[in-house]
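Each chain, letter by letter, is given below.
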Amino acid sequence: MSGAGIYEGRPVLLIQRSDTVQADGEGAQQQHPLKLNATGTGNAVYYLDPKDGRVIRLTTGQELSLTITTTSAKVHQFKQSSRQDFRLVP
């Protein structure tokens, strides 16, 4: 979804961004080693003022899955969802 649109009665240029994340790592909690794995997707829509290129609104979303594995092969899984809406205040 990219192109022209209307926001609060004003013409805007809409730009959509999509991204993915894949991360692996190792760490420790006190003396206990841990392995981490994270995967997720995100998106954003920028509302730009075509006159000066300023962002007048930005909406974002992200879905993330995190897996933590201990040395005893115990697996802990977490999911996180976030949504944010930013608006320029004159």
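Up top is the structure.
As a starting point, this report considers the structure included with it. Just so we're clear, the structure is a prediction, and the values are computed from it rather than from any experiment. (Residues numbered from 1 in each chain as written. Predicted model: local features only at pLDDT ≥ 70, side-chain atom pairs only at ≥ 80, totals over all residues. Heavy atoms only, no water.)

**Focus on the nonpolar core**
Listed in full, the six residues of the largest apolar core are Tyr7, Val12, Leu14, Val45, Tyr47 and Ile56. For this core, the secondary-structure elements that each account for two or more residues are β2 (10-29) and β3 (32-48). (Core = buried A, V, L, I, M, F, W, Y, C linked by side-chain atoms within 4.5 Å. Buried < 20%, exposed > 50% of the residue type's maximum accessible area, 1.4 Å probe, protein only. Helix = DSSP H or I, 4+ residues; strand = E, 2+ residues; numbered from the N terminus.)

**Overview of the pairing of strand β4 (residues 55-70)**
Direction of pairing for β3 relative to β4: antiparallel, over a ladder of 15 bridges. Pairing of Thr39 across the sheet is with Ser65, part of β4. Between β3 and the antiparallel strand that follows it, β4, lie six residues; Gly53 among them carries a positive phi value of about 75°. Two strands pair when backbone bridges link them, and β4 and strand β5 (residues 75-87) are joined in this way by 13 bridges, in the antiparallel orientation. Its bridge partner being in β5, Thr69 is matched across the sheet by Val75. Connecting β4 to the next strand, β5, in antiparallel fashion are four residues, including Ala73 with a positive phi near 65°. (Pairing = 2+ DSSP bridges.)

**Things to note about the packing of aromatic side chains**
Counting across every chain of the model gives one aromatic pair. On the basis of an interplanar angle of 50° and a centroid distance of 5.4 Å, the ring pair of Tyr7 and Tyr47 is categorised as tilted. Of this pair, Tyr7 sits in strand β1 (residues 3-7) while Tyr47 sits in strand β3, and the two are 40 residues apart along the sequence. A single burial state applies to Tyr7 and to Tyr47, both of which are buried. Between the NZ or CZ atom of Arg57 and the centre of the ring of Tyr47, over which it lies, the distance is 5.2 Å. (Phe/Tyr/Trp six-rings, centres within 6.5 Å; stacked < 30°, edge-to-face > 60°. Lys NZ or Arg CZ within 6 Å of the ring centre and 35° of its normal.)

**Some details on the environment of Glu26**
Its location among the elements puts Glu26 in strand β2. Sequence spacing of Glu26 and Gly9 is 17 residues, and the spatial spacing of their C-alpha atoms is 50 Å. What Glu26 contacts, discounting residues up to four positions off in sequence, is Leu34 and Lys35. (Contact = heavy atoms within 4.5 Å.)

**Section: the pattern of salt bridges**
Here the idea is simple: oppositely charged side chains can pair when their charged atoms come close. A complete count under the given rule lists seven salt bridges for this structure. For Asp85, the salt bridge identified is with Arg57, shortest N-O distance 3.0 Å. Separated by 28 residues along the polypeptide, Asp85 in strand β5 and Arg57 in strand β4 bring together distant segments of the chain. Take Asp85: its relative accessible area is 39%, and that puts it in the partly exposed class. (Salt bridge = Lys/Arg side-chain N within 4 Å of Asp/Glu carboxyl O.)

**Focus on the sheet that holds β2**
Read across the open sheet, the five strands follow the order β1-β2-β3-β4-β5; overall the sheet is antiparallel. The open sheet has two edge strands, β1 and β5, and neither has a second partner. Averaged over all pairs of adjacent strands, the angle between their axes in this sheet comes to 25°, without regard to strand direction. (Axes fitted to C-alpha atoms, helices over the stretch in contact; angles between N-to-C directions.)

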